[in-house]
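Architecture at a glance
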Amino acid sequence: MLSRRALLASLVPLPEDPLRPRFHFLPPANWMNDPNAPIFHNGEYHLYYQHNPKAAKWDTMHWGHASSPDLLHWKHLPIALAPTPGGPDKDGCFTGCMVIDNGKPTIIYTGVRPEVQCLATSTDMNTWQKHRRNPVVAAPPPGVDTPGFRDPHVWRDGSDWLMLVGAGFRGKGGTALLYQSKDLVEWTYLNPLLSGAINPNAKGGDVARGEMWECPDFFPVGNKWLFYVSTEDKVLYWLGDWKNRRFSPHSNGVLVYGAGYAPKSSNASGNRRIIWSWLREQRSQEDQLKAGWSGAMSLAVVPSLAKDGTLRLDPAAEYQQLRHREALTEDCCELHVTLKDNQPFGLTRGGTELVGYDPDSRILSAGRSEAPAPRGDLDLRIFIDGSVVEVFANRSVWLTGRVYGPISGLSMSAKAKKIESWALTPVSSNRLTS
Ligand code: FRU
């Protein structure tokens, strides 16, 4: 660990830190992980997030909060949820979601330890009153031996509320438990929505081995339903049918490769659904503490169904408003590359690879993150933003990576059919530090 003095001496002022993104969302300072309860309400986007306001490392979870009129420009707001001493969330306010119940914004989240489900309501989206009957779900269902019980996802189904809670069957595999309620306070357990198996080759704790599923999310896309969870260091999805409160998946895959984890969906203007994902750091904890910040939010991504019924993922159209001139810049730009299937591609910055495609292995890379390339000729939309790189390949593979090192000396090697690039306008003058 660094001494406090060494830490202070090594700090780069946050508004000048070239590794902090300029069109991706991130907290003013310190630690962020999962997006929480994102919602488009009364014409405004609200984004809450797992936050340690004291340091650039995970500890004592609070909910940070920001709002935006347009998905692009964000205003930081005061902390929305903090642990209540002696309360069921005394050791942290973990991930959750929001519903509007008869006009009343209501957060359903996990209090720890032990992991229990809690409610909070608000009239202004900023100050939250915790429910007097918290925790509203005090334990996992009887007979379910689970390594964890967290990250509620709630939605309306006819005159009922339904809820999924991330869990696992000990010794077997992760699951999402389905509950039903009339009033968000009394909950009845129904059954698991879907369950997985432990990965016998994986090492580590319950989540790393697939024994515990975190952050379930479930919503319609076209005439199908999309379900995803975070586990085994990955985000796994299933696409299928939802009938008579049973989910029958017919295809599955990885929702976001690389740095992305714990994504959460939201309604959005224009009758869209969008997905936000936490982009984890890919540098040492010491470097994160030195930097004074950790974690960034992905772009808002719009899921839809392709003609053949497969999942399509596109960055929200709003980001096109940031294009201000044709140029390839080191730290704040968008690139559109069309490649023949057998053409390699490489983009480096200061000698470090930002994005690569190797036609022999058919591996796409963004920093140290990798994804299998989709079949056929490649259409890549690449976003570079300080240390953040996001790649959308053929509108179906979403790959995210973090690249550090010097922000200078961009070099591209490509025999592409077509390359277009745009410098993007930063959404804040001080890298969202205020
Ligand atoms: C996922 C997660 C959630 C939990 C939160 C705690 O990254 O582990 O399961 O609610 O982070 O910060």
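In this text the structure is predicted, and so the values were computed from the model without any measurement.

Overview of the pairing of strand S7 (residues 116-121)
If a strand is regular, its side chains alternate between the two faces of the sheet. By the criterion of burial, S7 is predominantly enclosed, with 6 of the 6 residues buried. Direction of pairing for strand S6 (residues 104-111) relative to S7: antiparallel, over a ladder of 6 bridges. Each residue of the ladder has a partner; that of Gly111, found in S7, is Val116. Relative to strand S8 (residues 129-130), S7 runs antiparallel, the two being bridged by 2 bridges. Paired with Ala120 across the bridge in S8 is Lys130.

Structural notes on the site of the ligand
Inspection of the region around the ligand gives Asn33, Asp34, Gln50, Trp58, Met61, Phe94, Thr95, Arg150, Asp151, Glu214, Tyr261 and Trp278 as its neighbouring residues. For the ligand, whose accessible area on its own is 320 Å², the fraction buried by protein is 91%. For the shell around the ligand, the secondary structure elements donating two or more residues are strand S1 (30-41), strand S5 (93-101) and strand S9 (150-157). In the shell around the ligand, the residues fall into 5 nonpolar, 3 polar and 4 charged.

Quick notes on the domain arrangement of the protein chain
In terms of domains, the protein chain is made up of domain 1 (28-314) and domain 2 (323-424). Centre-to-centre, using C-alpha coordinates, domain 1 lies 29 Å away from domain 2. Counting from both sides, the interface comprises 23 residues of domain 1 and, opposite them, 19 residues of domain 2. Summed over both partners, the interface of domain 1 with domain 2 comes to about 1800 Å²; 58% of that surface belongs to carbon and sulfur atoms. Counting across the interface, domain 1 meets domain 2 through 2 salt bridges. In this structure, Asp314 engages Arg395 in a salt bridge whose closest nitrogen and oxygen atoms are separated by 2.8 Å. Linking domain 1 with domain 2 are 14 residue pairs in polar contact (both at pLDDT 80 or more), by the criterion used here. At the level of secondary structure, the elements contributing two or more residues to the side of domain 1 that touches domain 2 comprise strand S16 (246-258), strand S18 (272-279) and strand S22 (311-315).

Quick notes on the sheet that holds strand S26 (residues 352-358)
With respect to topology, 5 strands assemble into an open sheet ordered S28-S27-S26-S25-S32, the strand pairing being antiparallel. Edge positions in the sheet fall to strand S28 (369-372) and strand S32 (410-414), since each has one partner strand and no second. Direction aside, the axes of adjacent strands within the sheet are offset by 15° on average. With 4 bridges joining them, S26 and strand S27 (residues 363-366) adopt antiparallel strand pairing. Bridge pairing links Val355 to Ala366 in S27.

A few points about the sheet that holds strand S30 (residues 388-393)
Sheet architecture is open: 10 strands sit in the order S13-S14-S15-S16-S31-S30-S29-S24-S33-S23, paired in mixed fashion. Where the open sheet ends on each side, the last strands, each with one partner, are strand S13 (214-221) and strand S23 (323-326). Going across the sheet, the axis of each strand differs from the next one's by a mean of 25°, ignoring polarity. Relative to strand S33 (residues 418-424), S23 runs antiparallel, the two being bridged by 3 bridges. The residue of S33 that forms the bridge with Arg323 is Leu424.

Some remarks on the side chain of Ser294
Along the chain, Ser294 falls in strand S19 (residues 293-294). With sequence-adjacent residues up to four places away left out, Ser294 is seen in contact with Asn30, Trp31, Met32, Ala56, Glu281 and Gln288.

About the criteria used
- Residues numbered from 1 in each chain as written.
- Predicted model: local features only at pLDDT ≥ 70, side-chain atom pairs only at ≥ 80, totals over all residues.
- Heavy atoms only, no water.
- Buried < 20%, exposed > 50% of the residue type's maximum accessible area, 1.4 Å probe, protein only.
- Helix = DSSP H or I, 4+ residues; strand = E, 2+ residues; numbered from the N terminus.
- Pairing = 2+ DSSP bridges.
- Near = heavy atom within 4 Å.
- Areas by Shrake-Rupley, 256 points an atom, 1.4 Å probe, with all protein chains shown as cover.
- Nonpolar A, V, L, I, M, F, W, Y, C, P; charged D, E, K, R; others polar.
- Domains from an automatic or database assignment.
- Contact = heavy atoms within 4.5 Å.
- Buried area = accessible area lost by both parts, 1.4 Å probe.
- Salt bridge = Lys/Arg side-chain N within 4 Å of Asp/Glu carboxyl O.
- Polar contact = N/O pair within 3.5 Å; in protein donor to acceptor, adjacent residues only side chain to side chain.
- Axes fitted to C-alpha atoms, helices over the stretch in contact; angles between N-to-C directions.

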